[in-house]
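# Chain and residue survey
Spelled out from the first residue to the last, the chains are:
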Amino acid sequence: MDSGESSEESPAQAKKGKSKTPRKPKASVLKQKSPAEFFAENKNIAGFDNPGKSLYTTVRELVENALDSAESIAELPFVEVTIEEINRTAFNSMIGLIDRERIDEALYGDFETAKAREKRLAKEARFQETQAKNAALGKKVKEPTSGKAIKGRGEASFYRVTCKDNGRGMPHDDIPNMFGRGLIQISCSFIWDKVWAEANTWKIWTWCKNGVDLVKDENIPHIHLHEKRDDKEHWHGAEIQVVIEGNWTTYRSKILHYMRQMAVITPYAQFMFRFISNTSDKNVSIRFARRTDVMPAVPLETKYHPSAVDLLLIKRLIGETSKLNLLQFLQHEFVNIGKSHAERLIGEMGPDFSSKTPVKSLTSQQIVRIHQLFRQAKFDDPSGDCLSPAGEYNLRLGIIKELNPDMVATYTASAQVFEGHPFIVEAGVSLGGKDVKQGLNIFRFANRIPLLFEQGADVVTRTAMKRINWNSYKINQTQDKIGVFVSIVSTKIPFKGTGKEYIGDDISEIASAVKTSIKQCCTQLKSKIVKRIQAREQQERKRNLSKYIADATGAIYGILKEASQLHANKKKRLEIKDEDAELLQKVSSRLITKEILSEKLAQHVEQVDYEMAMEYATQSGVREEPREDIYLQSLEPQMNFVDFHSPVFVFRLFQ
Amino acid sequence: MAEKRKRRRADSDSDDESVRLPFKNRLKPDAAILSILKTLTEATKSASTSKTLTLSDLDLSSTCREVTDLALSSVQTEIQTLAISLAKSILAGNGFSFSVPSRAATNQLYVPELDRIVLKDKSSIRPYASVSTVRKTTITTRILSLIHQLSLKNIHVTKRDLFYTDVKLFQDQTQSDAVLDDVSCILGCTRSSLNVVAAEKGVVVGRLIFSDNGDMIDCTKMGIGGKAIPPNIDRVGDMQSDALFILLVEKDAAYMRLAEDRFYNRFPCIIVTAKGQPDVATRLFLRKMKMELKLPVLALVDSDPYGLKILSVYGCGSKNMSYDSANLTTPDIKWLGIRPSDLDKYKIPEQCRLAMTEQDIKTGKDLLEEDFVKKNPGWVEELNLMVKTKQKAEIQALSTFGFQYLSEVYLPLKLQQQDWL
């Protein structure tokens, strides 16, 4: 995945490094780069290493922005994602290129040379031969694999990704800029190729056709069309359409996984996902229904915690603050610093500082001193109030909704702190369910966003695989279908790697919080599992006990029979009690047989089974599973009603 | 010139010698070592004339269970009586159950006077009509009936044979093996009296002559491999020996070295190994040798917790077989080497020592808690040293000074210095 890094050197750099002839010093060595250029050179950082990944990243960015947009106005999100496959001709006509016929076939990568052709024909002949043989032998004939179309570079598919939400929309005038350079995350998608965007705002339809060209020194988006229209349907939100080069076949499962995990962590949202292909049999259409109308609270804006700031940030805060002196600055720009605490801190800073020191006059050295003290001093931990976790309830609903497991347990740990940043770990563990593979299925979320890549090194994966003794919770790590869901929410997620796709395993605070949360879930599950095992034992007890009757009585009867024969032989008469002798006598005269022993033992088993069933019933009583509220979505949000108007009132009759 | 070179070579040869075989120069002539050994043998012989203690001689607060060798006919009668009582119980409509002496760790007791582990009298009921025990109970009846057949026909079979008579029921051999020990406990007899033996594992070589099922065996004339210890101790008799001591070796490799070097001819001894954890036959054989020949037993094991554990199994018995510890243990085994203190004493180079794993250290610490280690202060000291240095070494570490260092320098020196615990 990271291999792109080295090859993505900009042509300018490459020249500098490799050219041996001395060059004249250029006038401007330092050159400002447009966002478009930057991303073009660092595609892997943005998640655009290859066509497949960029399709995935585009979907991801659009969906996440759509959710944010709806949540910011406290609207239950409804997000529609459509991916349409576009063939080259259609694409060319879109960007105004004329589709040219190939004249010199040998120029192209997918041109079949004479040698390759020979090879292919031989292979096909061999295949047909074996097919004929198999058919003659009456074996099932394999479907002939349709000759894979050899895809050249030029043949890469293009996709139109459309994402429609019911969020806040965007202001008309900002739209071109946002797509051009402002909204960095979205803009990533636009660099890949030509882009069109359509967006709507509250009252007025804004229609904007917009393109960003990958041209050096070009910072300004190309606006093809930008106009306002009337909004007749009272719709609000944004509909964004992007056309990019992508690869559906290789990233199909990743995109579907992403949508599914998103549905797990945001059960209050409704998603509609469609893939429209050139060939209709490949079409996909999945609806992720809403399961609750409880949305997590919008995170509160919070001040910085003194342990979490760095030098640059302090400088920035000083630049932005409206406070005049140092005391006020400390007291108001940071959390967990009270007035007296601030005074003590200032006293500790040294003789150069006083409460009255104007903040803006602080020298660089003084700022370094403040930073040092922040690092060393002890502050109260920041509270987790500023975080917006998914909520245990929602996580649970999401798991139930998307996986339909046999059992599920969830747990939310209280907020903890890592380097001045509060974090909350929420975990869920499920057993069984649909579309879950055997063994561990790990679902990772960071700030309520699914993480799909670089799973191996992640703290959650490591913890679940290595540090949880599943056996002790009566869970079989390889046989059971285990779903592990861990959502970490923090003001700063300590991502590792360039792609922001995993959280390192080296932060002991987070690792131990993850472990405790998963263990808590397991403990909850264990009691359920034990109960289930007991119930199963109840059902299977009689069968298990009866299974061995023949073996046991057969063995005992065998000994008795041998003994009775010995006993009958006068010379070897055994020295035993009379009643025992009598029993042996009965065995020889076949008054006691194996069948009689088996029958008696079976009767005993029956009786024991009955007694135990009674005991189980009295112990467990009539117990019902706790009930859960279910969410029913209203089919038609608009009520049908008839208004009866009178001069003084209106009487509204709902139907 | 030639002479000079020759001399130099001679010099360097001698240099090599002392470097390659350190401490060799400290060795006294064999005769001196032999006289030391003789006094040891004499002392052992005179000490062991006193009668060995048995459980009944002691006045223990808790009652203990011990099994005895039973004649075949009594085993047969015992089984029949048991079967009759089971049948009666079934006919009375009560199902049936066994009372099985518990062989769990909590039911074990180390008796310092006897220097071995014995089984306390706790036992558990194994009823047929219970989901948790139904399988084991069935296996127990099956094993009982199989043993009964053996007793009727008077033949011996191996544990593997027994397992294969009903693979479907037993599922794997550990299950039938465990139940076999249970049956020994239920009937109160040794496992040998059930006519079930384990496959041959142990070997013996050296100054020993004994009869195996009537054939006289001279263990000096058994080649390098030695004589396999008969799985059935009843076959063994008429032991004679002119050895001065018995050398117990943990591993096959060290045993082979000593056998090939004919160590027993230089210092008259009997060399025994069970190739790792000792089986019942080897333990019985060692005890028989010790009892009849009254020779001192010296043990050569690895310097790791498992070496000491193996030593303790020979000496005090294993927990699994503690019901028969009276017949299986050999008292007064001396720990000759390789001891943790030897690593520095014999300057075993660092690269031949291994770091102990977490598990090793844990085992070592657990051993320190065991009574049979505590009773010997020398052992405690050595084990403490091992846990402290966190280093272990196998007998083979001595090969770093040459393959024959073990038989030519290390062992003779150890014997000369009477360096055993």
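Residues numbered from 1 in each chain as written. Chains lettered and ligands numbered in written order. Predicted model: local features only at pLDDT ≥ 70, side-chain atom pairs only at ≥ 80, totals over all residues. Heavy atoms only, no water.

## What to know about the overall build of chain A
The helix and strand tally for chain A stands at 20 helices and 17 strands. Counting only residues that meet the buried cut, chain A has 42% of its 655 residues in that class. The long-range fraction of contacts in chain A, counting pairs at least 24 apart against all pairs at least 6 apart in sequence, stands at 73%. Of the accessible surface of chain A, which amounts to about 38000 Å², a share of 52% is contributed by carbon and sulfur atoms. (Helix = DSSP H or I, 4+ residues; strand = E, 2+ residues; numbered from the N terminus. Buried < 20%, exposed > 50% of the residue type's maximum accessible area, 1.4 Å probe, protein only. Contact = heavy atoms within 4.5 Å. Areas by Shrake-Rupley, 256 points an atom, 1.4 Å probe, with all protein chains shown as cover.)

## So, the packing of helix H10 (residues 248-265) of chain A against helix H15 (residues 392-403) of chain A
Residues and elements named next belong to chain A. Interhelical geometry of H10 versus H15 gives an angle of 140 degrees and a closest axis separation of 6 Å. As summarised for this structure, H10 and H15 are arranged oblique, according to the angle between their axes. When H10 is examined against H15, the residues Arg260, Ala263, Val264 and Ile265 are found in contact with a partner set consisting of Asn394, Leu395, Gly398, Ile399, Lys401, Glu402 and Leu403. Here the contact of H10 with H15 is built from residues that sort into six nonpolar, two polar and three charged. (Axes fitted to C-alpha atoms, helices over the stretch in contact; angles between N-to-C directions. Parallel < 35°, antiparallel > 145°, perpendicular 65-115°, else oblique. Nonpolar A, V, L, I, M, F, W, Y, C, P; charged D, E, K, R; others polar.)

## Concerning the UniProt feature "binding site: Mg(2+)" (unreviewed entry) in chain B
All names here are of chain B. The feature "binding site: Mg(2+)" (unreviewed entry), as given by UniProt, occupies Glu250 and Asp302 in the numbering adopted here. Spanning 53 residues, the named residues nonetheless gather at one spot, since no C-alpha pair among them exceeds 7.2 Å. Here Glu250 shows up in the loop between strand E13 (245-249) and helix H8 (252-260). You can call Glu250 buried: its relative accessible area is 8%. With near-sequence residues (within four places) excluded, Glu250 lies in contact with Thr273, Lys275, Gly276, Leu300, Val301, Asp302, Gly307 and Ile310. Its place among the elements puts Asp302 in the loop between strand E15 (297-300) and helix H11 (305-316). What makes Asp302 buried here is its relative accessible area of 2%. In this structure, Asp302 is in contact with Glu250, Lys251, Gly307, Ile338, Ala393, Glu394 and Ile395, ignoring residues within four places of it in sequence. Reaching out from Asp302, the side chain makes a polar contact with the side chain of Lys251 at a distance of 2.9 Å. (UniProt positions renumbered as here; feature names shortened; annotations may be inferred. Polar contact = N/O pair within 3.5 Å; in protein donor to acceptor, adjacent residues only side chain to side chain.)

## Some points on the sheet that holds strand E8 (residues 203-206) of chain B
Residues and elements named next belong to chain B. As summarised here, the arrangement of the six strands in space is E11-E8-E14-E13-E15-E16, forming an open sheet in which the pairing is mixed. Only two strands of the sheet have a single partner each, and these edge strands are strand E11 (227-228) and strand E16 (333-337). The sheet contact formed by E13 and strand E14 (residues 269-273) spans five bridges and is parallel. Residue pairing in the sheet places Leu248 in a bridge with Val272 of E14. In the packing of helix H10 (residues 280-293) onto the sheet, contacts are made with E8, E13, E14, E15 and E16, and the angle to E14 comes to roughly 160 degrees. (Pairing = 2+ DSSP bridges.)

## So, the UniProt feature "binding site: ATP" (unreviewed entry) in chain A
Residues and elements named next belong to chain A. Per the UniProt record, "binding site: ATP" (unreviewed entry) is found at Asn65, Asp165 and Lys500. Within the element layout of this structure, Asn65 appears in helix H5 (residues 51-72). Within the local environment of Asn65, its side chain forms a polar contact with the backbone oxygen of Glu61, the two atoms lying 2.8 Å apart. Residue Lys500 is classed as exposed on the basis of its relative accessible area of 51%. Sequence-distant contacts of Lys500, that is, excluding residues within four places in its chain, are made with Leu451 and Phe495.

## A look at the environment of A:Asn640
Residue and element names in this part refer to chain A. The residue Asn640 is located in the loop between helix H20 (594-620) and strand E16 (641-645) in this model. Using a relative accessible area of 43% as the deciding quantity, one classes Asn640 as partly exposed. Asn640 sits 13 residues away from Leu653 along the chain, and the two C-alpha atoms are 8.5 Å apart.

## A closer look at the state of the cysteines
Residues and elements named next belong to chain B. Scanning all chains against the criterion turns up zero disulfides over all chains. Considering cysteine sulfurs only, Cys189 is the nearest to Cys185, which forms no disulfide, with 9.2 Å between them. Classification of Cys185 as buried rests on a relative accessible area of 3%. (Disulfide = S-S within 2.5 Å.)

## Side note on the side chain of B:Arg207
Residue and element names in this part refer to chain B. Mapped onto the fold, Arg207 is located in the loop between E8 and strand E9 (209-212). Arg207 gets classed as buried once you look at its relative accessible area, which sits at 19%. Within the structure, Arg207 has its side chain in polar contact with the side chain of Asp242 (distance 2.8 Å). Within the local environment of Arg207, its side chain forms a polar contact with the backbone oxygen of Tyr264, the two atoms lying 3.3 Å apart. Setting aside anything within four residues of it in sequence, one finds Arg207 in contact with Thr220, Gln240, Ser241, Asp242, Ala243, Tyr264, Asn265, Pro268, Cys269 and Ile270.

## Examining the pattern of salt bridges
In the structure shown here, the tally under the stated rule is 44 salt bridges over all chains. Salt-bridge contacts for A:Arg541 lead to A:Asp609; the nearest nitrogen and oxygen are separated by 2.7 Å. Here A:Asp609 lies in helix H20 and A:Arg541 lies in helix H17 (residues 508-547), a separation of 68 residues in the sequence. Residue classification places A:Asp609 among the buried positions, given a relative accessible area of 14%. For B:Asp212, the salt bridge is made with B:Lys227, and the minimal N-O distance between the two is 3.1 Å. (Salt bridge = Lys/Arg side-chain N within 4 Å of Asp/Glu carboxyl O.)

## Digging into the environment of A:Thr82
Here A:Thr82 is to be found in strand E1 (residues 78-86). With 159 residues separating them along the chain, A:Thr82 and A:Gln241 place their C-alpha atoms 9.2 Å apart.

## Describing the pairing of strand E13 (residues 481-490) of chain A
Residue and element names in this part refer to chain A. Most of E13 sits inside the fold, with nine of its 10 residues counted as buried. Where strand E10 (residues 421-431) lies against E13, nine bridges are found, and the strand directions are antiparallel. The partner of Val429 across the bridge, within E13, is Val484.

## Quick look at the packing of aromatic side chains
Considering all chains together, one arrives at 21 aromatic pairs over all chains under this definition. Arranged with centres 5.9 Å apart and planes meeting at 80 degrees, the rings of A:Phe374 and A:Phe379 form a pair that is edge-to-face. Residue A:Phe374 shares its accessibility class with A:Phe379, and that shared class is buried. Centre to centre, the rings of B:Phe263 and B:Phe267 are 5.4 Å apart; their planes meet at 50 degrees, and the pair counts as tilted. For B:Phe267, a relative accessible area of 0% corresponds to the buried category. Counting every residue linked through ring pairs, the aromatic cluster contains A:Tyr56, A:Tyr251, A:Tyr258 and A:Phe453. In this structure, A:Lys254 packs its charged tip against the face of A:Phe453, placed 4.7 Å from the ring centre. (Phe/Tyr/Trp six-rings, centres within 6.5 Å; stacked < 30°, edge-to-face > 60°. Lys NZ or Arg CZ within 6 Å of the ring centre and 35° of its normal.)

## A look at the pairing of strand E4 (residues 116-120) of chain B
Residue and element names in this part refer to chain B. The element E4 is largely enclosed, with a buried count of four among its five residues. Here two bridges tie strand E1 (residues 64-65) to E4, and the two strands are oriented antiparallel to one another. Note on E4: the bridge partner recorded for Cys64 is Lys120. For strand E3 (residues 108-111) and E4, the ladder comprises four bridges, and the chain directions are antiparallel. Residue Leu109 lies in a different strand from E4, and its bridge partner there is Val118. Between E3 and the antiparallel strand that follows it, E4, lie four residues; Asp115 among them carries a positive phi value of about 55 degrees.

## Details of the interface of chain B and chain A
It is common to give the size of an interface as the accessible area lost on bringing the parts into contact. Contacts between chain B and chain A engage 30 residues on the former and 28 residues on the latter. When residues of chain B are sorted by the area they lose upon contact with chain A, B:Ile84, B:Leu91 and B:Tyr128 head the list and together hold 22% of the total. Here chain B and chain A share one salt bridge between them. B:Lys88 serves as the salt-bridge partner of A:Asp580, at 2.7 Å between the closest nitrogen and oxygen. Counting every contact that joins chain B to chain A gives seven residue pairs in polar contact (both at pLDDT 80 or more). (Buried area = accessible area lost by both parts, 1.4 Å probe.)

## A look at the sheet that holds strand E10 (residues 215-218) of chain B
All names here are of chain B. Within the open sheet, the three strands sit side by side as E10-E9-E12. Their pairing is antiparallel. A single partner strand is all that each edge strand has here, and the edge strands are E10 and strand E12 (236-240). Direction aside, neighbouring strands of the sheet carry axes that sit 25 degrees apart on average. Bridge count for E9 against E12 is three bridges, and the pairing is antiparallel. If you follow Ile209 over to E12, its bridge partner there is Gln240. The sheet strands contacting H10 are E9 and E12, and the helix crosses E12 at an angle near 45 degrees.

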